[in-house]
Amino acid sequence: MSLAELRVALATEGLSASLDDACLNPAQVLTIASADWGDAARVAAATGWRWSALWGDDLGAQLRLSALLERRGTYALLRTEVPAQAPTLPSQAPYYPAADRPERHTQDMFGLRFAGHPDPRRWTRHQAWPATSHPLRKAFPAAGQAPQPTPGDYDYPFIRARGAAVHEIPVGPIHAGIIEPGHFRFQAVGEEVLNLEERLGYVHKGIEKIAEGRDAEGLLRLAERVSGDSVIAHGWAACMALERAAGIAIPPRAAALRAVLAERERIANHLGDIGAICNDVGFSFAQYQFTRLREDWLRENQRAFGHRLLREVLAPGGVRRDLEPEACVAMRRRCARLAAEAAEIVAILERSDSLEDRLMTTGRLAPEQAARLGCLGYVGKASGCTFDVRRDSPYPPYDQLEVRIPGYRAGDVAARAKVRAEEIQVSLALLGQLLERLPAGELATPWRARAAEGLGIVEGWRGETLAYVRLDATGRIARYFPRDPSWLNWPALELLIHDNIVPDFPVCNKSVNGSYSGHDL
Amino acid sequence: MVLHILNKIFSVGVVTEPLPREEDSVLEQVGQQLQDAIGQRFQGSLAIRQVDAGSCNGCELEIHALNNPYYAIERFGVHFVASPRHADLLLVTGPVSRHMEEALKRVYAATPDPKLVIAVGDCGADGGEFGCSYASCGAVSRVIPVDAVIRGCPPTPMQLMRGILEAIGIATSD
């Protein structure tokens, strides 16, 4: 329905958009003339489409670009091709701020110029390869050039504030805690933040490149390591993309078990995050309680599935491990216990005046800002953007379940914590339902590859997580593109920190908890 | 408010395990060695600076877990510090991305001698799933000197604890 409206809107503007017969499930493909790429984004933005992802693909003489849009649960994939020699494409970033960094990533990795981009500085590239070569071109060797020490990235042109009272605070890439590396450049007056600029890319490991040539199992191993806290989110998205490409359906029991794993991952991460948010304002009681509950939860992962972070449980075509009926009963009992304990501790937190003072109105992201950036997961849900793939574009087994989505408009650290607390309860209830009636049957459909492409979209614990896969004639990976929700949430941190004090940055950052690895790839 | 907190604290009780149940005898041995080694060589206090040099963050999640009330690694005299200048030991996860190569070298240089380096995880040990590429240097030992390795993807908190204990033991018996 809304896709037809988009085509009408494009046609009204005199833009060509042909609907491909071959759709890339769950998206329908609209082929756009390259000259119209920017205008198509303008029309889509004006008609309420959310910008979700962009990826390139080196097809030899041509580069193919794909941009994923979504509106009310309908996905549209805009596609165009440009000559591989000195390629240029109109930028979509003037209409979609969310496209800003993905276009810069594509520029660095493919050597594609985005005309009219408001900020064409390099993004993913530091000093590991020169500006003249592009790792995701097929001619670029995965091994790179002769190994020699890579210099630090000292000359990145940061935005500077000037004035007698302004000072600059560089932080990172190595931070003071046990966390991932990235650089934050603050311009501050006294303690107040005037501007924050993020500089990421430090843990770029060449994931998209080293995926090429792998088989399905090898791709899944890599997908499970895109971001260590999102093993199931990225693993499931990659499996779904592979399975759609290969045209195989997974058994209902496998789908239900995948949902069990996904909800367990969501709960584990939310438990850790709520504790860490409280700890960042000195409320260590919550930290110890929640890290204890998280440890109990991970030990049950180990017992039931053989791995604390749930690695090597998924398989292309299904899952590797089953749950016996007794294990389901025991797991349901523990779910009920966690539901009661989490509710009890959250009730204590809600009665704390000092927590309220530190978390409410801190790091506020207005709903309009979140919508403009296309924020996902708990960041979006705390600021009025309640999109959730499980509810709005459901895939098995969520098409058989009702998923309640918490939503707030306050957009502060407290709201992001509350969304997590509520999602824990929703996930526990879902786990109860899933475990009560696991469908009987096989654990996996035998894997068989074919030359095709596929798109997988799941609701990971951070939000909408997607994977694009193209298989070549031998069934090997020709292109893998994983899009972590962090791409859409990192820019929000730069906005929500405005007018906050520098000492509140850690708690603001924790409340967003973007993945560095999942973003830097 | 305070009553609720106290009530919760007392009703949960102490969950810290005297020593983890599995592999009791080995751990008791290594745990004792650790405290002895830290006592002899580090005046009872071992300061660790953790460095993520390119990890997927899986290792970091498990290193974090060392501070939860089950493992409570501080009771052995181990604590994590904010600066390499305060550290006796670097706990480095990998693979070392090329974009982190220089930063890791500078951390190593900033850590006062004598110092120990443990490469953590399969990626820190040999590059793991990411190997060496245009973007990855692979093993930590390809960038800075490494004294010990803790394998695993990621290593569990138990494996981390044992690995740290063993590295200290080895270093002390040198």
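Note that the coordinates shown come from a computational prediction; the quantities given were computed from them, not determined experimentally.

What follows is about the overall build of chain B. Summing up its helical and strand segments, chain B has six helices and five strands in all. Counted from the first residue to the last, chain B has its helices and strands arranged as α-α-β-α-β-β-α-β-α-β-α. Taken across its 174 residues, chain B has 50% of its residues classed as buried. Long-range contacts, defined here as pairs at least 24 residues apart, represent 78% of the contacts in chain B between residues at least 6 apart.

A count of helices and strands for chain A gives 17 helices and 15 strands. In terms of C-alpha radius of gyration, chain A reaches 23 Å, essentially the compact-globule figure of 24 Å for 521 residues. The principal-axis extents of the C-alpha atoms in chain A amount to approximately 70 × 60 × 55 Å. Pairs at least 24 residues apart make up 67% of the contacts formed inside chain A by residues separated by at least 6 positions.

The next point concerns the packing of helix 9 (residues 325-350) of chain A against helix 14 (residues 413-436) of chain A. All names here are of chain A. Contact pair helix 9 / helix 14: the axes reach a minimum separation of 10 Å and the direction vectors enclose 165°. For the element pair helix 9 / helix 14, the angle class is roughly antiparallel. Like other packed secondary-structure pairs, helix 9 and helix 14 cross with a definite hand, here left-handed. Contacts between helix 9 and helix 14 involve Cys 328, Met 331, Arg 332, Cys 335, Leu 338, Ala 339, Ala 342 and Val 346 on the former and, on the latter, Ala 421, Ile 424, Gln 425, Leu 428, Leu 431, Gly 432, Leu 435 and Glu 436.

What follows deals with the sheet that holds strand 10 (residues 192-199) of chain A. All names here are of chain A. Strands sit in the order 8-9-10 across an open sheet of three strands; the sheet is antiparallel. Of all strands in the sheet, those bounded by a partner on one side alone are strand 8 (166-171) and strand 10. Going from strand to strand, the sheet's axes swing by 20° on average, the running direction of each strand aside. Across seven bridges, the pairing between strand 9 (residues 183-189) and strand 10 is antiparallel. Residue pairing in the sheet places His 183 in a bridge with Arg 199 of strand 10.

Here we come to the sheet that holds strand 15 (residues 477-483) of chain A. All names here are of chain A. Strand order in the open sheet formed by three strands is 13-14-15, and the pairing between neighbours is antiparallel. Each having just a single partner strand, strand 13 (453-460) and strand 15 make up the two edges of the open sheet. Taking each pair of neighbouring strands and ignoring which way they run, the sheet shows an average axis angle of 10°. Pairing geometry for strand 14 (residues 463-471) and strand 15, over six bridges, is antiparallel. Bridge pairing in strand 15 links Leu 466 to Arg 483.

The next point concerns the interface of chain A and chain B. Counting residues at the interface gives 50 residues for chain A, matched by 41 residues for chain B. Those elements that place two or more of their residues in the side of chain A that touches chain B are helix 4 (207-210), helix 5 (216-223), helix 8 (284-305) and helix 9 of chain A.

Attention now goes to the confidence of the model for chain B. In this model, chain B carries an average pLDDT of 88, and 89% of its residues clear a pLDDT of 70 or more. Per-residue pLDDT, averaged within each element of chain B, yields its smallest value for helix 2 (residues 24-41) of chain B (71) and its largest for helix 5 (residues 121-126) of chain B (98).

What counts, and at which threshold
Residues numbered from 1 in each chain as written. Chains lettered and ligands numbered in written order. Predicted model: local features only at pLDDT ≥ 70, side-chain atom pairs only at ≥ 80, totals over all residues. Helix = DSSP H or I, 4+ residues; strand = E, 2+ residues; numbered from the N terminus. Buried ≥ 20, exposed ≤ 12 C-beta atoms within 10 Å, placed from the backbone. Contact = placed C-beta atoms within 7 Å. Rg over C-alpha atoms; globule rule 2.2 N^0.38 Å. Axes fitted to C-alpha atoms, helices over the stretch in contact; angles between N-to-C directions. Parallel < 35°, antiparallel > 145°, perpendicular 65-115°, else oblique. Left-handed = near helix turned anticlockwise from the far one by under 90°. Pairing = 2+ DSSP bridges. pLDDT = per-residue confidence, 0-100.

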